[in-house]
Amino acid sequence: MNYFHYKDNALWCEEVPVTEIAGKVGTPFYLYSERTLKHHFRVFDAAFSGVPHITCFAVKSNSNIAVLRIFIAEGSGVDIVSGGELYRALQAGVDTRKVVYSGVGKRVDEIEYALGADILMFNVESSQELEVINSCAERLKKKACIALRINPDVDPETHPHISTGLMSNKFGIDIKKSLEEYRRARTLGQLEIKGVSCHIGSQVTKISPFLDALERIKKLVRLLRDDGMDIEYLDLGGGLGIAYDKEDVPHPSEYAKAIIDASKDINCTFIFEPGRVIVGNAGILVTEVLYTKSNDAKNFIVIDAGMNDLARPSLYNSYHRILPVIDKEREEIIADVVGPICESGDYLAKGREISRFERGELMAVMSAGAYGFTMSSNYNSRGRIPEVLVRDDQFFVIRKREVYGDLIRGEVIPEFLR
Ligand code: LLP
């Protein structure tokens, strides 16, 4: 459920026509619906209301500080993977006791920053990282609360680039070695063992892989407790998928029910790290058609957004629905929707059955709220595009369009070239 809808053949976001925003902000831009963001957060969080839990929104999916603030006001914590994400979350006013820090490559300065902020827990991904966190904590005269991120070796049946819980992936600690690693962690004086964590992958559209992972993790929790360790938190990561097209995806309440039913015998506070399921369908990318052209083989629709603005189709061949902002009777054609970047991989849709668009028309690329702006870049020296938030009948630019000056900010011509 989201609040993008057609009214008299025009696409609206809540009570604002998309064309009005495009007229004022220019194209391309990301557009988020506050009502949808809130609704999705509430649905997810309420699904677990019967059990102790913390919902830690995955900042990597959408890190705009205004967006973070919406969730934080709803009681959300955050899952971070870098010092930069911690900085953003702090700017947005997060309760640091609701911050979990995941990621295979935490640097010393980042660990120290997080220790200084008194975050809830580090999800540790290697035995060397345990040592490093321990020595950082020693230096800062602090205790570091940790969970080990376990690689449960289950197949989430998603795109290989976004599956993370298999032995062939770089993530986490081999479940077979986990007891041994926990025992080692116990010997390190500055560490406090708090929990177990795992994250099996993203855009997971079935419940069974989550349950497979949970079964394995539960066994480990029992082992650890029998060994005298106090396992308070069970962090099950994120990963619940959304419908980009016609996929049949579990509703958060089904996912929650399955997890709650399967963990009746384990007395833990759950942590969840949802990203996509909260923000994915709460955002769109609005772009203008620059040119159309055809050759013997193909029709091309050239738009003003490219792979630097939305990388997902080029990276994962992912599908995003494309809708006209002003709907009318149109001929259907098969076309590639391509951006201005000088790469053949620069497309938002390939061989798509799509309405015939004309130069100057607006297009809405749907389900672009997760891993959209956050993965965008300045490639081809294109400024990153604005993010706009609609609330009821008003809209707010929550990130300005980058200007040429932003592109060279921080660059220096050394003396010898002057
Ligand atoms: N927790 C951890 C440790 C993660 O690595 C991720 C995502 C999440 C939570 C949130 O997962 P979600 O609920 O959003 O599925 N760029 C890719 C997705 C990469 C996901 C990376 N990790 C895409 O555009 O599909």
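The shown structure was predicted, so the numbers you read here are calculated from the model rather than taken from an experiment.

Analysis parameters
Starting afresh in each chain, residues are numbered from 1 along the sequence in its written order. Side-chain atom pairs in this predicted model are given and counted only at pLDDT of 80 or more, local residue features only at pLDDT of at least 70, and totals for whole chains, interfaces and linings cover all residues. Side-chain measures were taken over the full set of non-hydrogen atoms in the model, leaving aside hydrogen atoms and water. Under the DSSP-based scheme used, a helix requires at least four consecutive residues in state H or I and a strand at least two consecutive residues in state E, with every element numbered from the N terminus. Counting rule for disulfides: a pair of cysteine sulfur atoms within 2.5 Å. The term salt bridge refers to a pairing of a side-chain nitrogen on Lys or Arg with a carboxyl oxygen on Asp or Glu at a separation within 4 Å. Type-normalised accessible area, obtained with a 1.4 Å probe on protein chains alone, sets the label of each residue: buried when under 20%, exposed when over 50%, and partly exposed for intermediate values. Domain segmentation is taken from an automatic or database assignment of domains. The contact definition used throughout considers only heavy atoms, calling two residues in contact when any of these lie within 4.5 Å. What counts as buried area is the accessible surface, traced by a 1.4 Å probe, that two parts surrender upon association, with contributions from both included.

**Some details on unusual backbone geometry**
Phase 1: Cis rather than trans, the peptide bond between T27 and P28 has omega equal to -10°.
Phase 2: By the secondary structure assignment, P28 is in the loop between α1 (18–25) and β4 (29–33).
Phase 3: The backbone of D8 shows a phi angle near 45°, a positive value even though the residue is not glycine.
Phase 4: With respect to the helices and strands, D8 occurs in the loop between β1 (4–7) and β2 (10–13).

**With respect to the state of the cysteines**
Phase 1: Under the definition given, this model contains 0 disulfides.
Phase 2: Not engaged in a disulfide, the cysteine C198 finds its nearest cysteine sulfur in C268; these two sulfurs lie 12 Å apart.

**Topic: the pattern of salt bridges**
Phase 1: Scanning all chains against the criterion turns up 35 salt bridges.
Phase 2: In this structure, the salt-bridge partner of E20 is K24, at a minimum N-O distance of 3.6 Å. You can see E20 and its partner K24 sitting in helix α1, 4 residues apart, about one turn around the helix.
Phase 3: Using a relative accessible area of 36% as the deciding quantity, one classes E20 as partly exposed.

**Concerning the domain arrangement of the chain**
Phase 1: Each assigned domain of the chain is listed here: domain 1 (4–32 + 280–407) and domain 2 (103–272).
Phase 2: If you average the C-alpha positions of domain 1 and of domain 2, the two centres end up 35 Å apart.
Phase 3: In this assembly, 10 residues from domain 1 lie in contact with 8 residues from domain 2.
Phase 4: In total, domain 1 and domain 2 occlude about 780 Å² of area from one another, counting both sides; carbon and sulfur atoms represent 53% of this.
Phase 5: For the pair domain 1 and domain 2, the interface holds 0 salt bridges.

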